[in-house]
Amino acid sequence: MSAVTERLGVAAASDATAARAVAAAPHGPSRRRRSRIAAAISLALLVATGIVFVYPFVWLVSASFKPRGEVFDNRLIPETFTLDNYVAVWQEAPLALWLLNTVIVTVLAATSVTLTSAMVAWGFAHFRFRGRGPLFALVLGSMMLPGAVTMIPTFLIWNALGQVGTLTPMWAHNLFGSAFYIFLMRQFMLSLPRELFDAARVDGAGHWQVFWRIVLPLSRPIIAVTLVFEVQAVWTDLMRGLIYLRDSATFTVPRGLKSLVDAFGFGGEWHWEILVTASVVTTLPMIVLFFVAQRHIIQGVATTGLKG
Amino acid sequence: MKRREWIAALGFLSPWLIGFAVFTAWPIVYSAYLSLTDYDVINDATFVGWSNYQELFADPKVSLALANTLFFTVVQVPLYVIVSLALALLLNRAGRASGFFRTVFFLPKMTPPVAVGFLFLLLFNGQNGLINGGLAAVGIDGPSWTTDPAWVKPGLVIMSLWTVGSSVLILLAALRGVPEELYESATLDGAGAWRRFASVTLPMISPAVFFIVVVNTIAGLQTFDEAYTAFFGAGNSTYSNDAALFYVIYLFQQAFEFLHMGYASAMAWVLFIVIMAITAVQMILSKRLVHYEGAAS
């Protein structure tokens, strides 16, 4: 686990022993010294790749404080520091409205998918009924279906209901649970002690009470993972916005940012400073989300191994 | 009692049962039907038999989109696995620093794909982008990543490596699950570092690697957001680049820009079959290459 710290820790003490070891084995460096070199190299590699991974963020934030003509100068510290872009971006685009729309959609989508997926997961985890196995296999199988197959009929459903152009198709499918979260939550709920629920039942609690008062509170860790995953998925969802949102006033931020790229990018007016700033504003909430929910995200990704 | 249990279960399952019927089962059936029709949403669908499929196989843009997509996936998936494995191995021996660098590697994954697509245009810009600036510093004359058809896809692949974060986390978890005794006994048997990696580490983490390969292949075959942002859409008519015309992008254009719903549905079914076939091949190969604990290898 802590290869580097261990090595650093023993480094001082081992200097003397290393000297002895070298003296004893004059042919080539000792094992310990070689592993210290290896640790130093891997730390250097980590720092180098770390810089590569962070640099685009730094570049983006830095560019957002530069005037139009200097966006591309690739300086880390802006030559002319300006806050104008952060004023202009709200005037050039209804960014505040887009953020509001996205918050609405995200809250509705995340809460509804979490609650309904938990219900379904509990149905699969707790009850023993005929056909449970095949039905759950169907849940898993539906995850394999490419979105492209259901995309068009789903559009036609919302079109028939007169909902195209509104925010409803952006989240309402989440009222019916989602296979991935059902799978995740079922796994978690299977690990809860069954006696607890049977005891509550004997005490006269109904199935819904057991679910609402005992299962949900106990499932808080996995609920947190689900909420965070879904918030991220909805906040960054471009495709649905392209399909369902027509009027700029209804855009979510990814859809809005795309319209800005169209208007101000290569095909448009080349106002890169506006785009850069809008990108920062769009991305920042996700970075904040990460730092607020880091534990859940890292645990969630590592243990479930999904969200590719 | 039994019966009441069943009714209770049905109550809990009902959201998914309804959702599955409305948003999965019916769309599958209806999409199959639509693929045999001409339908533009405004007028009634007319049945045309297999002609959408015949047209599709003769459409040079479909072949181009399919070729672009396969190229992207075949190049991207192995690089994705190698880079995420390399980073996970580095993290695994980084000790206390690993928490910090884990965050660093994961953060790009939080960036909305639209912003990634836009960043691609800026960072990979041929004249004054950061990438070519860096290449120039070491004396390399970088290509026009965002305009030269030969370099658009490689550029998009490189950009996609920025978001390897979740794969790194998965592989790191797998690496930490390898029992220390295995390394100790391998060392006692005189295995060197490379040997230990090849005959202990790789087999032990092969289920996680396989998982990443399958998931990323499926995702790669449906790649859309970044390339669409950078090269297609309302304002980009003068700038669109056919080298970035991926399959789902063309499908999306057919469906929602040209309102060829029948044709796009046929395209969706072809994609579905391609994905199923490739996944099936991977599953078969995995029987030979993936080591599952407890199973005979």
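### Section: the overall build of chain B
Then, number 1: Within chain B, the secondary structure is distributed over 13 helices and two strands.
Then, number 2: With the C-alpha coordinates aligned to their principal axes, the bounding extent of chain B is approximately 75 × 75 × 30 Å.
Then, number 3: Expressed as a percentage of the 297 residues in chain B, the buried residues total 42%.

### Focus on the confidence of the model for chain B
Then, number 1: When pLDDT is averaged across chain B, the result is 91; 96% of the residues are at 70 or more.
Then, number 2: Model confidence for the complex: the whole-complex pTM is 0.89, and ipTM, which rates the interface, is 0.91.

### A short note on the nonpolar core
Then, number 1: Counting residues in hydrophobic clusters, the biggest one holds 152 residues, and the most contacted among them are B:Phe246, B:Ile249, B:Leu251 and B:Met267.
Then, number 2: With 13 residues, the top contributor of residues to this core is helix α4 (residues 95-126) of chain A.
Then, number 3: Built from parts of two domains, this core gets at least three residues from each of domain 1 (3-88) and domain 2 (92-304) of chain A.

### Digging into the domain arrangement of chain A
All names here are of chain A.
Then, number 1: Partitioning chain A into structural domains gives domain 1 (3-88) and domain 2 (92-304).
Then, number 2: Taken together, the contacts link 11 residues of domain 1 with nine residues of domain 2.
Then, number 3: Elements represented by at least two residues in the side of domain 1 that touches domain 2 include exactly α2 (31-63) and α3 (84-92).

### A few points about the packing of helix α1 (residues 2-34) of chain B against helix α13 (residues 261-289) of chain B
Residue and element names in this part refer to chain B.
Then, number 1: Between α1 and α13, whose axes approach to 7 Å, the crossing angle comes to 115°. Between α1 and α13 lies a crossing whose hand is left-handed. Two secondary-structure elements touch here, α1 through Ser31, Ala32 and Leu34 and α13 through Met261, Gly262, Ser265, Ala268 and Trp269.
Then, number 2: Considering only residue class, the contact of α1 with α13 consists of five nonpolar, three polar and no charged.

### Topic: the interface of chain B and chain A
Note on interface size: it is often stated as the accessible area lost on association of the parts.
Then, number 1: In this assembly, 81 residues from chain B lie in contact with 75 residues from chain A.
Then, number 2: No other element matches the 19 residues that α1(B) contributes to the side of chain B that touches chain A.
Then, number 3: Of the residues belonging to the side of chain B that touches chain A, the class tally is 58 nonpolar, 18 polar and five charged.

Cut-offs and rules
- Residues numbered from 1 in each chain as written.
- Chains lettered and ligands numbered in written order.
- Predicted model: local features only at pLDDT ≥ 70, side-chain atom pairs only at ≥ 80, totals over all residues.
- Helix = DSSP H or I, 4+ residues; strand = E, 2+ residues; numbered from the N terminus.
- Buried ≥ 20, exposed ≤ 12 C-beta atoms within 10 Å, placed from the backbone.
- pLDDT = per-residue confidence, 0-100.
- Core = buried A, V, L, I, M, F, W, Y, C linked by C-beta atoms within 7 Å.
- Domains from an automatic or database assignment.
- Contact = placed C-beta atoms within 7 Å.
- Axes fitted to C-alpha atoms, helices over the stretch in contact; angles between N-to-C directions.
- Left-handed = near helix turned anticlockwise from the far one by under 90°.
- Nonpolar A, V, L, I, M, F, W, Y, C, P; charged D, E, K, R; others polar.

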